[in-house]
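Spelled out from the first residue to the last, the chains are:
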Amino acid sequence: MQMSKVSRLVVFSWFIPLLNIIVMISLNLSSGLCGNVIDRVFCVNYNVTKLLCSGATASNVYGLVYTFSVLLSLAALILYTYLKILKVCFSGSKQTRQKAVSTCLPHLASVLNFSFGSFFEILQSRPNWLGGSRSITQTSTNNIKMK
């Protein structure tokens, strides 16, 4: 790959998250904070938007659309690359197929683990989606984490 193409890809990979952060901050700057306690070890944008005095509908919608579009695009990219890998491997010998499976399965397991963890983290931070209370969602999350 040529150096100019690598440079463009690096700039693009930094530009999209930077643009996302700028949009999130600009959506949250227009309103003041009515509190200062975040009930997490780490701070994510949704916890800050819960502290806003006025409505944070635009920030919530933008955050959800961005989160799901990133997760879906990454899943599509992973699925595409796996299909290409499997296409090449199934045209080869039995040993090639075994090597591909032993290489791809750990990666696939870690991607699934990350995906389920992300999904439950999003659900946990938004208990009103399921019509439940915070305690029900917290109890189910604690049960999942213990297992």
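Residues numbered from 1 in each chain as written. Predicted model: local features only at pLDDT ≥ 70, side-chain atom pairs only at ≥ 80, totals over all residues. Heavy atoms only, no water.

The name given to the chain in an unreviewed UniProt entry is G-protein coupled receptors family 1 profile domain-containing protein, with Gambusia affinis as the source organism. Recorded in UniProt under Subcellular location (unreviewed entry), the annotation for the chain is "Membrane". (UniProt positions renumbered as here; feature names shortened; annotations may be inferred.)

Would you mind going over the overall build of the chain in detail, with residue names and values included?
A tally of regular secondary structure across the chain gives five helices and zero strands. Each helix and strand of the chain, ordered N terminal to C terminal, gives the series α-α-α-α-α. When each of the 147 residues of the chain is scored for burial, the buried share is 18%. A separation threshold of at least 6 residues defines the contact pool for the chain, and within that pool the share at least 24 residues apart is 40%. (Helix = DSSP H or I, 4+ residues; strand = E, 2+ residues; numbered from the N terminus. Buried < 20%, exposed > 50% of the residue type's maximum accessible area, 1.4 Å probe, protein only. Contact = heavy atoms within 4.5 Å.)

Tell me what's going on with the packing of aromatic side chains, and back it up with residues and numbers.
What describes a pair of aromatic rings is the distance from one ring centre to the other and the angle between the planes of the rings. For the structure shown, the criterion picks out one aromatic pair. Ring centres of Tyr-62 and Tyr-66 lie 6.2 Å apart, and the angle between their planes is 20 degrees; on these two criteria the pair is classed as stacked. In this pair, Tyr-62 and Tyr-66 both sit in helix α3 (residues 57-90), four residues apart, roughly one turn of the helix. For Tyr-62, a relative accessible area of 26% corresponds to the partly exposed category. (Phe/Tyr/Trp six-rings, centres within 6.5 Å; stacked < 30°, edge-to-face > 60°.)

How would you sum up a nonpolar patch on the surface? Please name residues and give values.
On the surface, Val-101, Leu-105, Leu-108, Leu-112, Phe-116, Phe-119 and Phe-120 cluster together to form a nonpolar patch covering roughly 640 Å² of accessible area. Position of Phe-120 among the secondary structure elements: in helix α4 (residues 94-125). Since its relative accessible area comes to 34%, Phe-120 is described here as partly exposed. (Patch = residues over 30% accessible without salt bridge, like charges linked within 9 Å, V, L, I, M, F, W, Y side chains within 5 Å. Areas by Shrake-Rupley, 256 points an atom, 1.4 Å probe, with all protein chains shown as cover. Salt bridge = Lys/Arg side-chain N within 4 Å of Asp/Glu carboxyl O.)

Which residues make up the UniProt feature "transmembrane region" (unreviewed entry) in the chain, and what are the values?
According to UniProt, the feature "transmembrane region" (unreviewed entry) maps to residues 9-27 and 61-83 in the numbering used here. Here residues 9-27 runs as 100% helix and 0% strand, with 28 Å between its end C-alpha atoms. Measuring from the first to the last C-alpha atom of residues 61-83 gives 33 Å, for a span that is 100% helix and 0% strand.

Describe the packing of helix α1 (residues 3-29) against α3, and please don't skip the residues or the numbers.
Taken N-terminus to C-terminus, the directions of α1 and α3 make an angle of 160 degrees; their axes are 9 Å apart at the nearest point. Comparing the axis directions of α1 and α3 gives the class roughly antiparallel. Note that α1 runs across α3; the crossing there is left-handed. Here α1 contributes Ile-16, Pro-17, Asn-20, Val-23, Met-24, Leu-27 and Asn-28 to the contact with α3, which in turn contributes Ala-58, Ser-59, Tyr-62, Gly-63 and Tyr-66. (Axes fitted to C-alpha atoms, helices over the stretch in contact; angles between N-to-C directions. Parallel < 35°, antiparallel > 145°, perpendicular 65-115°, else oblique. Left-handed = near helix turned anticlockwise from the far one by under 90°.)

Break down α1 for me, with residues and values.
Here α1 spans 39 Å end to end across 27 residues, near enough to the 39 Å set by a 1.5 Å rise per residue. Among the residues of α1, those classed as buried are Asn-20, Met-24 and Asn-28. Those residues of α1 hidden inside the fold are in contact with α2 (45-49) and α3. (Expected span 1.5 Å × (residues − 1).)

Provide a residue-level description of the confidence of the model for the chain, including the pertinent values.
With 82% of its residues at a pLDDT of 70 or more, the chain shows a mean pLDDT of 77. Ranking the elements of the chain by mean pLDDT puts helix α5 (residues 134-146) last, at 55, and α1 first, at 87. (pLDDT = per-residue confidence, 0-100.)

Let's hear about the packing of α3 against α4: which residues, and what values?
Their axes nearest at 11 Å, the elements α3 and α4 cross at an angle of 170 degrees. Between α3 and α4, the crossing angle belongs to the class labelled roughly antiparallel. Residues Thr-67, Phe-68, Leu-71, Ile-78, Tyr-82, Ile-85, Cys-89 and Phe-90 of α3 touch α4, and the partners they reach there are Thr-96, Arg-97, Ala-100, Cys-104, His-107, Leu-108, Val-111, Phe-114 and Ile-122. Grouping the amino acids of the contact of α3 with α4 by side-chain chemistry returns 13 nonpolar, three polar and one charged. (Nonpolar A, V, L, I, M, F, W, Y, C, P; charged D, E, K, R; others polar.)

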